[in-house]
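Overview (structure and organization)
One letter stands for each residue in the lines below.
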Amino acid sequence: MNPPPVALLTGITGQDGSYLAELLLKKGYEVHGVVRRTSNLSRLRIDALRLNPELHGKRFFLHYSDLVDATSLRKIFKKVRPHEFYHLAGQSHVGLSFEIPESTCHEIASATLGILEICRDLDDPVKIYHAASSEIFGTAEDFPQTEATAYRPTSPYGCAKAFAAQLCDVYRASYGLFICNGILYNHESPRRGENFVTRKIVRQAAKIKAGLDHELILGNLESQRDWGHASDYVHAMWMMLQHPQPDNYIVATGKLHSVKDWVHIAFKHLSLDWTQYVKSSEALMRPQEPTRLLGDPSHIQKTLGWKPLHSFESMVAEMVDSDLKQITEKNDS
């Protein structure tokens, strides 16, 4: 019997990392995740894997390191000898990047450079997935955006992601590394962090329904994005590394929705009139907003056959139901 394929993930404790780890394990992989020693309190998303004696220590392994600790990362690569490497980690909050621009750039841009150098020195070649972002397009000239759209980021996060994505292009062209940039548009799930506006909306709506709060304060309600489901998007990541040739792919739904749409569907799902509870505050407006970020997924659909399985409405409803269940169970305990 052939040994299982081996995958190494950074960001395994995050939304995308947890879904991807589950997907790879279902496909028979041996999965290794890189975690920070300080991330002990943020492993709830992978508890089902970490606490499963049939998986942990057998096909699921965790390794301590830090994105800017090249020495420990190099040791992990040497020990694990992965066939596939998924680089998902890094400061992932666009708004927060205006408050901590230096650490954002270190975690995203500089760390990616260090990892690419490690991969370039490996004895056995590894297929690399790099998590890029629609934020690299910023004030995009094209609508919708394609893989050929110029990068025009409007945030420190977008700048750092653009630098990292272009580095991947350079290392693919110059050194022949198998690297795919997944240019992912916004993707959500019940596992999304509570500091993101989408989770803030559904959680607050659930609290209002449960009688635990009475209002929701947001920034720009007219802000628009192309939103999909994280579980659909991690499947796209895996598909990229199964294709014979590396490339860059936009992963998106091709449909635009506003923050107001999120609010409307979330509150309607709970039989609430959102206009009675939602307020907008200038204090929550970003210094600069990207223009309408709408992805054209035709390249990944034609090349890899990928299509999203979740609708926007079902995704919002799933997140509302999940938070309402958590809040109700906590209240009852």
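Residues numbered from 1 in each chain as written. Predicted model: local features only at pLDDT ≥ 70, side-chain atom pairs only at ≥ 80, totals over all residues. Heavy atoms only, no water.

**Overview of the sheet that holds strand β5 (residues 127-133)**
Picture the strands of a sheet paired through backbone hydrogen bonds; they go either parallel or antiparallel. Pairing is parallel in the open sheet, where seven strands are placed in the order β3-β2-β1-β4-β5-β6-β11. The sheet is open, and its two borders are formed by β3 (60-64) and β11 (248-251), each paired with just one other strand. For this sheet, the mean inter-axis angle between neighbouring strands, taken without regard to orientation, is 20°. Sheet topology note: the β5/strand β6 (residues 179-184) ladder contains six bridges and is parallel. Each bridged residue has a counterpart across the sheet, and for Y129 the counterpart in β6 is C180. (Pairing = 2+ DSSP bridges. Helix = DSSP H or I, 4+ residues; strand = E, 2+ residues; numbered from the N terminus. Axes fitted to C-alpha atoms, helices over the stretch in contact; angles between N-to-C directions.)

**Quick look at helix α4 (residues 101-120)**
An ideal rise of 1.5 Å per residue puts 28 Å on 20 residues; α4 measures up with 28 Å between its terminal C-alpha atoms. Along α4, the helix axis deviates most sharply at A111, where the bend reaches about 30°. Among all positions in α4, only T104, E107, I108, A109, A111, T112, I115, L116, I118 and C119 are buried. Of the surrounding secondary structure, the elements contacted by the buried residues of α4 are α3 (70-80), β4 (84-87), β5, α5 (156-175) and β6. (Expected span 1.5 Å × (residues − 1). Bend = angle between axes of the 7 residues up to and from the residue. Buried < 20%, exposed > 50% of the residue type's maximum accessible area, 1.4 Å probe, protein only. Contact = heavy atoms within 4.5 Å.)

**Some points on the packing of aromatic side chains**
Per the counting criterion, the structure on display carries 10 aromatic pairs. Ring centres of F77 and F85 lie 4.9 Å apart, and the angle between their planes is 65°; on these two criteria the pair is classed as edge-to-face. In this pair, the class of F77 matches that of F85, namely buried. An aromatic cluster is defined as three or more aromatic residues linked by ring pairs; in this entry it consists of F137, Y151 and Y185. Sitting over the face of the ring of Y175, R120 holds its NZ or CZ atom 4.1 Å from the ring centroid. Lying across the ring of F178, K127 places its NZ or CZ 4.8 Å from the centre. (Phe/Tyr/Trp six-rings, centres within 6.5 Å; stacked < 30°, edge-to-face > 60°. Lys NZ or Arg CZ within 6 Å of the ring centre and 35° of its normal.)

**A word on the side chain of H257**
Topologically, H257 is positioned in strand β12 (residues 257-258). Judged by its relative accessible area of 14%, H257 falls in the buried class. Every residue in contact with H257, bar those within four places of it in the chain, is listed here: S223, Q224, R225, W227, F312 and E313.

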